[in-house]
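Architecture and fold: a report
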Amino acid sequence: MSSAQNHTSDSGILAVRDLRILFPTRDGRDTVKAIDGMDFEVRAGETFGIIGESGSGKTTLGRALVSLLPPTHGKILHDGTDPVTLGTGAFRKHRRDYQIIFQDPNAALNPRMTIIDSVVEPLEIMGQGDNASRRRRGIEVLERVGLAAEAADRYPHQLSGGQKQRVNIARVLTLRPKVIVCDEVVAALDVSIRGDVLNLFADLQREFGLTYVFITHDISVVSHISDRIAVTYLGKLMELGPAEDVVEHPLHPYTRALLSAEPVPLPSHLRVDRRIILEGEIPSPVAPPSGCRFRTRCPSVQPRCTEEVPAWRDVKPGHRVACHFATADGPPPDNQKAQRAS
Amino acid sequence: MTDAIDIFAATASRAASTPHVGGSPRPLLEVRDLSLSFATANGALPITRNVNFTIAPGERVGLVGESGCGKTVTGLSLLRLLPPQSARIQGDILFNGTNLATLSPRRMRAVRGREIAMIFQEPMSALDPVFTVGDQISEAYRVHFPVSRPEGRERAIAALREVGIPAPERRCDEYPHQLSGGMRQRVMIAMALICKPKLLVADEPTTALDVTVQAQITDLLRSLSERTGTALIFITHDLGVVAETCTRMITMYAGEVVEDAPVDDVLTRPRHPYTSGLLRSLPGLSKRRGVLASIPGRVPSPSAMPAGCRFRSRCTHAVAGCEQSQPMIEIESDRTARCWRAPELVLPGAVN
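As the structure is a prediction and not an experimental result, all values here were calculated from the model. (Residues numbered from 1 in each chain as written. Chains lettered and ligands numbered in written order. Predicted model: local features only at pLDDT ≥ 70, side-chain atom pairs only at ≥ 80, totals over all residues.)

1. Some words on the overall build of chain A
Each helix and strand counted, chain A has 11 helices and 11 strands in total. Principal-axis analysis of the C-alpha atoms gives chain A an extent of 75 × 50 × 45 Å. Across the 342 residues in chain A, those meeting the buried criterion constitute 46%. When contacts within chain A are restricted to residue pairs at least 6 apart in sequence, long-range pairs at least 24 apart make up 64% of them. (Helix = DSSP H or I, 4+ residues; strand = E, 2+ residues; numbered from the N terminus. Buried ≥ 20, exposed ≤ 12 C-beta atoms within 10 Å, placed from the backbone. Contact = placed C-beta atoms within 7 Å.)

2. Let's talk about the nonpolar core
Counting residues in each nonpolar core, the largest one holds 93 residues, and the members touching the most others are Ala190(B) and Ile233(B). Not counting residues up to four positions away in its chain, the partners in contact with Ile233(B) are Ile55(B), Val61(B), Leu63(B), Gly75(B), Leu199(B), Val201(B) and Ala202(B). Counting residues in each nonpolar core, the second largest holds 90 residues, with Leu19(A), Leu189(A), Val221(A) and Leu278(A) among its members. (Core = buried A, V, L, I, M, F, W, Y, C linked by C-beta atoms within 7 Å.)

3. Examining the interface of chain A and chain B
Interface size is commonly expressed as the accessible surface area that is lost when the partners come together. Listed as interface residues are 34 residues of chain A and, on the opposing side, 40 residues of chain B. The set of elements that each furnish at least two residues to the side of chain A that touches chain B consists of helix 6 (191-208), helix 7 (219-225) and helix 9 (253-261) of chain A. In terms of residue class, the side of chain A that touches chain B is made up of 16 nonpolar, 10 polar and eight charged. (Nonpolar A, V, L, I, M, F, W, Y, C, P; charged D, E, K, R; others polar.)

4. Some thoughts on the environment of Asn96(B)
Residues and elements named next belong to chain B. The topology assignment puts asparagine 96 in the loop between strand 4 (87-95) and strand 5 (98-99). A count of 20 C-beta atoms within 10 Å places asparagine 96 in the buried class. Sequence-wise, asparagine 96 and proline 57 are 39 residues apart; in three dimensions their C-alpha atoms are separated by 9.6 Å.

5. Overview of helix 2 (residues 71-78) of chain B
Residues and elements named next belong to chain B. Buried residues dominate helix 2, accounting for six of its eight residues. Regarding helix 2, the residues found buried are Lys71, Val73, Thr74, Gly75, Ser77 and Leu78. One or two residues past the end of helix 2 sits arginine 80, with phi positive at roughly 50°.

6. Side note on the sheet that holds strand 1 (residues 29-40) of chain B
Residues and elements named next belong to chain B. Spatially, the four strands line up as an open sheet ordered 2-1-4-5, and their pairing is antiparallel. The sheet is open, and its two edges are formed by strand 2 (43-55) and strand 5, each paired on a single side. Here eight bridges tie strand 1 to strand 4, and the two strands are oriented antiparallel to one another. In the strand pairing of strand 4, serine 35 is matched with glutamine 90. Of the strands in this sheet, strand 1, strand 2 and strand 4 are in contact with helix 2, which crosses strand 2 at around 70°. (Pairing = 2+ DSSP bridges. Axes fitted to C-alpha atoms, helices over the stretch in contact; angles between N-to-C directions.)

7. What about the domain arrangement of chain B?
Residues and elements named next belong to chain B. The domain boundaries assigned to chain B delineate domain 1 (2-246) and domain 2 (271-337). The C-alpha centroid of domain 2 is placed 29 Å from the C-alpha centroid of domain 1. The interface is formed by seven residues belonging to domain 1 together with six residues belonging to domain 2. Among the elements that take part in the side of domain 1 that touches domain 2, strand 2 stands out by supplying three residues, more than any other. Of the residues in the side of domain 1 that touches domain 2, the class split is five nonpolar, one polar and one charged. (Domains from an automatic or database assignment.)

8. A closer look at the sheet that holds strand 10 (residues 256-262) of chain B
Residue and element names in this part refer to chain B. Strand order across the open sheet formed by eight strands is 6-7-8-3-9-10-12-11, with mixed pairing between neighbours. With one partner strand each, in any of the chains shown, strand 6 (116-119) and strand 11 (329-332) form the two edges of the open sheet. Pairwise comparison of adjacent strand axes, ignoring direction, gives a mean angle of 20° for this sheet. In the sheet, strand 3 (residues 60-64) pairs with strand 8 (residues 231-236) via five bridges, with the strands oriented parallel. Paired with glycine 62 across the two strands is phenylalanine 234, which belongs to strand 8.

9. Considering helix 6 of chain A
With 18 residues, helix 6 of chain A extends 26 Å from end C-alpha to end C-alpha; this agrees with the ideal 26 Å at 1.5 Å per step. What helix 6 of chain A keeps buried is the set Val191(A), Ser192(A), Ile193(A), Arg194(A), Gly195(A), Asp196(A), Val197(A), Leu198(A) and Phe201(A). Among the structural elements, helix 5 (161-173), strand 7 (211-216) and helix 7 of chain A together with helix 12 (273-280) of chain B are those in contact with the buried residues of helix 6 of chain A. Phi for Gly209(A), located one or two positions after helix 6 of chain A, is positive at around 60°. (Expected span 1.5 Å × (residues − 1).)

10. So, the confidence of the model for chain A
Close inspection of predicted coordinates is inappropriate in any region flagged by low pLDDT. Predicted confidence across chain A gives a mean pLDDT of 90, with 96% of residues reaching 70 or more. Under a pLDDT of 50 for its full length, residues 1-9 of chain A has, in the predicted model, seven contacts with residues more than four places off or in other chains. (pLDDT = per-residue confidence, 0-100.)

11. Let's talk about the packing of helix 5 (residues 133-142) of chain B against helix 6 (residues 149-162) of chain B
Residues and elements named next belong to chain B. Look at helix 5 against helix 6: their axes get within 8 Å of each other, and the N-to-C directions meet at 110°. Judged by the angle between their axes, helix 5 and helix 6 are roughly perpendicular. The handedness of the crossing between helix 5 and helix 6 comes out as right-handed. Residues Gly134, Ile137, Ser138, Tyr141 and Arg142 of helix 5 pack against Gly152, Arg153, Arg155, Ala156 and Ala159 of helix 6. Split by residue class, the contact of helix 5 with helix 6 holds four nonpolar, three polar and three charged. (Parallel < 35°, antiparallel > 145°, perpendicular 65-115°, else oblique. Left-handed = near helix turned anticlockwise from the far one by under 90°.)

12. So, the domain arrangement of chain A
Residues and elements named next belong to chain A. Each domain of chain A was delimited in the assignment, giving domain 1 (9-97 + 177-341) and domain 2 (104-176). Between the C-alpha centres of domain 1 and domain 2 the distance comes to 30 Å. Taken together, the contact between domain 1 and domain 2 spans 12 residues of the former and 13 residues of the latter. Counting residues per element, the side of domain 1 that touches domain 2 draws most heavily on helix 6, at six residues. Tallied by class, residues from the side of domain 1 that touches domain 2 come to 10 nonpolar, no polar and two charged.

13. Things to note about the packing of helix 5 of chain A against helix 6 of chain A
All names here are of chain A. Taken N-terminus to C-terminus, the directions of helix 5 and helix 6 make an angle of 15°; their axes are 10 Å apart at the nearest point. When the axes of helix 5 and helix 6 are compared, the pair comes out roughly parallel. Between helix 5 and helix 6 lies a crossing whose hand is right-handed. In this structure, helix 5 contributes Gly162, Gln165, Ile169 and Leu173 to the contact, and helix 6 contributes Ile193, Asp196, Val197, Leu200 and Leu204. Across the contact of helix 5 with helix 6, the residue classes tally to six nonpolar, two polar and one charged.

14. Describing the pairing of strand 8 of chain B
In the case of a regular strand, side chains alternate between the two sheet surfaces. Residue and element names in this part refer to chain B. The buried fraction of strand 8 is high, at six of six residues. Covered by surrounding structure in strand 8 are Ala231, Ile233 and Ile235 together with Leu232, Phe234 and Thr236, the residues of both alternating faces. Handedness of the crossover is the feature at issue here: the chain leaves strand 7 (residues 199-203), passes through helix 9 (residues 211-228), returns alongside strand 8, and the resulting connection is right-handed. (Right-handed = clockwise from strand over helix to strand, strands pointing away.)

15. Topic: the environment of Ile115(A)
Residues and elements named next belong to chain A. Mapping isoleucine 115 onto the fold places it in helix 3 (residues 115-126). Along the sequence, isoleucine 115 and valine 167 sit 52 residues apart, while their C-alpha atoms lie 7.2 Å from each other. Contacts of isoleucine 115, omitting those with residues within four sequence positions, involve Ala151, Ala152, Arg154 and Val167.

16. Notes on the pairing of strand 3 (residues 47-51) of chain A
All names here are of chain A. Judged by how many residues are buried, strand 3 sits mostly within the fold: five of five residues are covered. Side-chain alternation along strand 3 places Thr47, Gly49 and Ile51 on one buried face and Phe48 and Ile50 on a second face that is also buried. With five bridges connecting them, strand 3 and strand 7 associate as parallel partners. Residue pairing for strand 7: glycine 49 is matched across the bridge by phenylalanine 214. Relative to strand 8 (residues 228-233), strand 3 runs parallel, the two sharing four bridges. In the sheet register, isoleucine 51 faces strand 8, and the bridge partner there is valine 231.

What follows is the structure, encoded as structure tokens:
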């Protein structure tokens, strides 16, 4: 591994500072605010979960974290270094430490290349070793992710979805990265094999000291594997804290509603009906609501929410939230319930 | 057209005369030994085998299983939506006593949309982009009932209101691309329910939606079913959705029904090792950061199905005897499982 391995800066292995990523709309008259001001750090060795609905900017964020998209404003620091400032050669060397795995295991593999060719391609691009040593390394890694050496000379269509996702993991591992962004990596897999792939991620983390940024809309997955969880909504973070706190005692009304919407496979007598049905859908990121972005669907909305953007503040140690009215005890009360009580 | 309506009138009056007192009511749908195969260059490829189940009027049943287990084709076969050139259907699909499997194409058209409706996973591909949603909903009605255009429009607006679309008079004249994913699925539901069918087949209707919108749609489907008495077959891989929407769950594996039981019972104590495996694989049920359960191996290919229990090679409870052919065993009066060891096995469910 690179010499930077033991170098830790106080900003964490990934630091996001006032990040904004804007895209022009097709007619060029407006901008889509995919990421509209985010601040957070990812610590070395942790699993950092990101949850949110589609359109909340989580995929854009994942791509930006590994320099596939440049920030429009603000910056993303990799272990204290801003990759934007690096020259081409240095950047290429640097980015092997920051890798990404995508959702669709089929689309990520070239159908005309054998598995081993896909797996060793990153090493080829980096100019490491010769053909024989690369192949050896490729097979080693394939075996590590649970694929038999026979799979090496097959083509993607001869493998199942779960096996293909393992190939994608193997391909990233050949570079021995420090950080892997996992964008909905198990969403396309059947429940029965999801567990296997998630277990593999956990094993590899222990073995190689990896840092994961796990992006998903599946709350049960993210709460199972994450150390900390960030909740995104319309290009902003709503809440960030230790996974258990966020899942068991959410502080933001959005997190509470999102968690309550998750269907639970429990028999009716064990199910607590605490579901908060959110009205409508996520607004357009072209013209997000003023003030707090969640206010148009928030069951606890107050006049202040329209006027003032809530500060991104620490409510408890290590637990941040963007809501005027959230306290360490929880989110503000539901307007309807408060009314009924009075 | 008029002919089609006459046929409907006949079935409707027959259904209305069904006695509905005491015991188990006459089933609305009875699927008997339904086997599907597809013609391929190498001969017939069997997809499902001897699928049996019944749906009572107003009942909500979840049809679950992994991809490739045959749940979608089973749903499509109920409406005879599989390509007739390549799909071979054997067995009976008795709907209110009429065998849909042998119905003429013309009479089948009178059933589709009128008696049995279907909604799909991706509403955008199920809607025509060049017609307004109002036109498409009223068309679904006017195919079966001879009403004027203005009345069709009125009914479409009422149907949109019924599924909770705000400002239905305005939405009625909009095109599918102007609506969000959740709205489009509501439009599909409005279209499916406008003729007040007795059975709605919903194939993964919430899979493409966000959880917050999924919660809205499953609540809508459940309350519409409760209010109108429409029976629901909910095809999904999400056991949580089944738990919250359905009263009974049918588990399919490798083209066969392997378990059929009331939802609460099967979640508490599944009787087939595959159902148990599916439940144990859900991350929410394991210790946080602990090792997740999974089912080893993969579903056998339809062209190389093993004899006997099809789940055997992946089953941790497999013993000598499992290679024998496995019939469905009645465990309780309303529960069956395709596992000869079901009476003795104590399998973990969703509750510890």
